[in-house]
Structures are given as structure tokens and as C-alpha cells.
Amino acid sequence: MIIVLKSGASEADIQGVADEVRQCGYEPHIITGVARTVVAAVGDETTQKTLETLASLPVVENVLPIQKRYKLVSREAQTETTRVQAGPCCFGNRDFHVIAGPCSVENLEQMLTVADAAKAAGATLLRGGAYKPRTSPYDFQGLGEEGLEILQTVKQRTGLPIVTEVVSEADVDPMRKIVDVFQVGARNMMNYSLLGAVARTGLPVLLKRGLAATIEEWFLAAEYLAKQGNSQIILCERGIRTFERATRNTLDISAIAIAKQECNLPVIADPSHAAGRIDIINGLSRAAIAAGADGLMIEVHPHPEKASSDGSQSLNQDQFSRLMQDIHPILTACGRRLPEPAGGSTETDTPTHNLLNRKESQA
Ligand code: PEP
Ligand code: MN
């Protein structure tokens with residue numbers, strides 16, 4: 001921290017500030033300029049008391065940080081990008097991962113159909129919400145535990161690792177047996193006790209940027225996870241709220257570039273929630289790759305017109321497969337590669353329709 005003193009500060013004032021700095025556990029270094037004196041406080045800001053309160057001293061003009069407020073997730077702390085292992089998928093290297101699936105888990109048939117199609121098109125992870133944080137309490141809230149069971153069945157059948165949203169600390173434990181990546185949604189980015197509970201599982205966390213969060217607040221939310229000893233974090237830019245009405249949110253491409261530059265974590269983009277419409281998802285996806293994204297999250301539904309949530313922004317399976325072809329030249333230009341999706345279960349070679357019949361007869 002740098003403490004800038006007001007012009008005309010006396011020797012006693014300067015020594016007074018230096019004493020305060022020492023009491024906070026830092027070593028003060030006084031630098032006397034022509035017009036002003038500054039006190040540089042040297043020490044470990046992760047363990048020492050903050051010096052920001054010194055701004056309230058009458059002789060202090062300003063207190064300026066010289067280090068980033070986020071430490072563990074910064075590129076300053078680690079120049080290499082953290083490798084995040086989500087089931088068989090590694091984020092943070094040359095591989096470009098596409099997470100695809102519907103907004104909400106609705107039934108087994110829907111999930112098996114979309115998982116097969118997403119995998120055939122090149123997606124490497126499957127998404128689908130069992131718990132849905134909806135703006136209106138009258139909207140579909142997700143199938144809950146039944147949704148988790150469906151996700152588990154689809155994971156066994158397809159081998160695709162599962163990314164699904166956690167909205168409550170109480171759900172962390174039942175979910176950890178099934179999920180490969182915990183998604184913390186935009187509405188919960190600042191739910192610090194949820195972040196703590198999720199981090200302590202040790203499982204990877206997909207941390208979406210809050211719809212009104214600054215880039216620094218997003219990185220500090222990631223710092224909460226890392227401070228719990230879990231650095232398996234994937235940042236996800238999903239659009240922020242602006243004055244623009246042509247899109248549901250505004251995809252902040254700058255945030256992707258800044259996150260790649262300032263943080264040591266993999267970064268993905270979710271153009272579906274940013275756009276809120278299907279016709280620009282292709283362009284936004286390509287822009288995100290060009291800005292340095294390590295992956296995409298795309299909402300895909302077998303019948304978007306029948307979806308329980310976010311149908312208007314969900315691609316159908318053909319549109320998704322076209323998107324996967326369209327991103328190819330950009331991925332190649334950016335030196336990225338689409339890895340092979342994981343294989344299905346070796347325990348069963350039951351065709352999808354037999355599995356559906358079996359599940360239905362059990363119901
Ligand atoms: C979602 O992924 O379906 C979702 C609710 O996302 P967000 O938190 O970005 O709104
Ligand atoms: Mn959604």
C-alpha cells in the first residue's frame with residue numbers, strides 16, 4: 001500500500017503515520033518528494049490488517065494499493081494458467097471445451113436425446129439445471145433431486161461429465177456424488193457462504209460473473225474459493241446488465257480478455273444467457289474464442305419451443321451442430337483444439353431407447 005500525505009504534512013504527522021503503519025504489522029518506508037511525502041507500507045497483505053482505514057487520518061490524502069486485491073488467482077501469483085480437471089476434461093491447456101445442454105433438466109428422454117446429440121457434435125461436457133434460480137417464483141424451479149438422478153443416469157450412459165448449478169448450501173452434499181463441476185450462477189456469485197461450502201468439496205467450480213458485478217468483484221469471488229484451498233475454478237462470462245434492450249444481457253468480451261490477462265484461471269463464455277436469443281450466438285461464440293476463451297457454455301434443447309426455461313435462447317440440435325462446425329476455423333486460427341468427447345460407460349451397451357423403457361417401467 002502507498003499512503004499519500006497531504007501537502008504541508010509536518011515531520012510529526014509523517015512519523016505518526018509511520019507508527020500507525022508499523023502497528024498494523026507493515027514496515028513503513030518514507031519517501032520525501034518536492035511537493036509531497038508518501039509512506040510505502042511493505043508487508044504481506046493477505047495476513048496483515050488492511051491499511052485502507054488510514055485514509056480517515058486528517059493528514060492522509062489517499063491510500064493506494066500497489067498489489068491486486070485478489071492474490072491467489074492473479075497472474076502475478078502464478079504465470080501459468082491453472083489446469084482444471086473436470087472429470088476427463090482438462091481446462092487451461094490447448095483444449096477447447098464446449099459445455100452443452102438444456103437450461104433445465106426436464107425428463108430422462110430429453111436429457112438422453114440432447115446428450116447424444118451434443119456429444120455427436122463435439123461437446124465434451126453436459127449441462128442441465130436440477131435446481132433453477134428463477135426471477136419469478138411462479139416459474140419452473142427445477143426437478144430437484146429427481147433432476148440429479150436423471151443427470152446421474154445420463155452421465156453413466158454417455159460418459160459426459162456433468163455441470164449443474166448449486167443454489168443452496170444444503171444441496172452441496174447430495175450433489176457432490178453426482179456432479180463433476182459445481183456451477184455457481186450469476187445470482188449467487190456473491191453468496192460467500194455458498195462459495196465456501198462448494199470450495200470445500202474440492203470439486204471444480206464454474207463461477208459465473210454476477211449480472212451487475214465488476215470484473216474485480218468477479219475475481220474476488222474466485223479468490224474466496226481459492227482461499228479455501230480450491231483452485232479448481234473456471235470463470236464464466238455470461239453477460240452483464242446494461243441499458244441495452246436488444247439482448248437479454250451484454251456479453252462483455254473485454255472481461256474475457258482481461259480475465260485471461262489478469263487471472264491464472266481458465267475462462268469460458270456463455271453467449272446463451274448473454275444474448276437471450278439464438279440468432280447471434282454463433283457470432284458471440286466466435287468473438288469469445290478470438291478474445292481468448294478456453295471454452296463455451298451453450299444452451300441446447302431437443303425442442304426449444306417446449307422448454308420449461310430459456311427456450312428462446314436455446315439452440316436446437318441442428319443449430320448446435322452447425323455452431324460446432326462454424327467455430328472450427330476460429331479455433332484453428334487461435335491454436336485451439338476440440339478434444340474428443342469421453343466414451344460411454346463400459347458397464348452397459350444398452351441402447352438409449354431400451355434404457356428409457358426400463359426407466360419408464362420403473363417409474
Ligand atoms: C443457467 O446457466 O441456466 C443460469 C441460470 O445461468 P446464470 O446464472 O448465468 O443466469
Ligand atoms: Mn438458462
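Bear in mind that the values here come from a model prediction, so they are computed numbers and not experimental data.

Each value, and the rule that gives it
Residues numbered from 1 in each chain as written. Chains lettered and ligands numbered in written order. Predicted model: local features only at pLDDT ≥ 70, side-chain atom pairs only at ≥ 80, totals over all residues. Heavy atoms only, no water. Near = heavy atom within 4 Å. Polar contact = N/O pair within 3.5 Å; in protein donor to acceptor, adjacent residues only side chain to side chain. Areas by Shrake-Rupley, 256 points an atom, 1.4 Å probe, with all protein chains shown as cover. Nonpolar A, V, L, I, M, F, W, Y, C, P; charged D, E, K, R; others polar. Salt bridge = Lys/Arg side-chain N within 4 Å of Asp/Glu carboxyl O. Helix = DSSP H or I, 4+ residues; strand = E, 2+ residues; numbered from the N terminus. Buried < 20%, exposed > 50% of the residue type's maximum accessible area, 1.4 Å probe, protein only. Pairing = 2+ DSSP bridges. Axes fitted to C-alpha atoms, helices over the stretch in contact; angles between N-to-C directions. Core = buried A, V, L, I, M, F, W, Y, C linked by side-chain atoms within 4.5 Å. Contact = heavy atoms within 4.5 Å. pLDDT = per-residue confidence, 0-100. Donors = N, O, S within 2.8 Å, 3.2 Å for Na, K, Ca; no water.

Another aspect to go through is the site of ligand 1. Close to ligand 1 lie Cys103, Arg127, Lys132, Glu165, Gln183, Gly185, Ala186, Arg187, Lys208, Arg238, His273 and Glu299, which account for all nearby residues. One of the side-chain N or O atoms of Arg187 is found 3.1 Å from an oxygen atom in ligand 1. For ligand 1, an oxygen atom lies 2.6 Å from a polar atom in the side chain of Arg238. Expressed as a share of its isolated accessible area of 300 Å², the protein-covered part of ligand 1 is 97%. The residue inventory of the shell around ligand 1, partitioned by class, reads two nonpolar, three polar and seven charged.

Moving on to the pattern of salt bridges. Going through the model one piece at a time under the given rule, you end up with 17 salt bridges. One salt bridge in this structure joins Asp252 and Arg209, with 2.8 Å as the shortest N-O distance. Of this pair, Asp252 sits in the loop between β12 (233–237) and α7 (253–262) while Arg209 sits in the loop between β11 (205–208) and α6 (215–227), placing them 43 residues apart in sequence. As far as burial versus exposure is concerned, Asp252 and Arg209 are alike and both buried. A salt bridge links Asp279 to Arg277; the nearest nitrogen and oxygen atoms lie 2.7 Å apart. Residue classification places Asp279 among the exposed positions, given a relative accessible area of 52%. Here the salt bridges share partners, and the residues they tie into one network are Lys68, Glu76 and Glu262.

Turning to the environment of Pro133, a few remarks are in order. Tracing the chain through its elements places Pro133 in the loop between β8 (125–127) and α3 (145–158). Along the chain, Pro133 and Asn188 lie 55 residues apart, while their C-alpha atoms are 9.1 Å from each other.

With that settled, consider the sheet that holds strand β9 (residues 162–165). Through backbone hydrogen bonds, the strands of a sheet pair up, either in parallel or in antiparallel fashion. An order of β7-β8-β9-β10-β11-β12-β13-β14 is seen for the eight strands of this closed barrel, with the pairing classed as parallel. Neighbouring strand axes in the sheet, compared pairwise and without regard to direction, differ in orientation by 25° on average. Relative to β9, β8 runs parallel, the two sharing two bridges. Paired with Arg127 across the two strands is Val163, which belongs to β9.

The next subject is the nonpolar core. Membership of the largest hydrophobic core comes to 72 residues, with the highest contact counts inside it found for Leu207, Trp218, Leu235, Ile298, Phe320 and Ile327. A per-element tally of this core places α6 first, with eight residues. Ignoring sequence-local partners within four residues, the contact set of Leu207 consists of Val184, Met189, Leu195, Trp218, Ala221, Ala222, Leu225, Ile233, Ile234, Leu235 and Cys236. In this structure, Ile3, Val17, Tyr26 and Val39 belong to the second largest nonpolar core, which totals 15 residues.

With that settled, the discussion passes to the confidence of the model for the protein. Averaged over all residues, the pLDDT of the protein is 93; the fraction at 70 or higher stands at 94%. Counted against residues more than four places away or in other chains, residues 346–363, with its pLDDT under 50, gives 16 contacts.

Moving on: the sheet that holds strand β3 (residues 37–42). Reading across from one edge, β2-β3-β1-β4 is the order of the four strands in this open sheet, with antiparallel pairing throughout. The open sheet has two free edges, formed respectively by β2 (27–32) and β4 (60–64), since each of these has just one partner strand. The sheet shows a mean angle of 20° between the axes of neighbouring strands, taken without regard to direction. Running over the sheet, helix α1 (residues 11–23) touches β1 (2–5), β2, β3 and β4 and is turned about 155° from β2.

For the rest of this paragraph, the subject is the coordination of the manganese ion (ligand 2). Listed as protein donors to the manganese ion (ligand 2) are Cys103 (SG), His273 (NE2), Glu299 (OE) and Asp310 (OD); their distances from the metal cover 2.1 to 2.4 Å. Asp310 sits in the buried class, given a relative accessible area of 17%.

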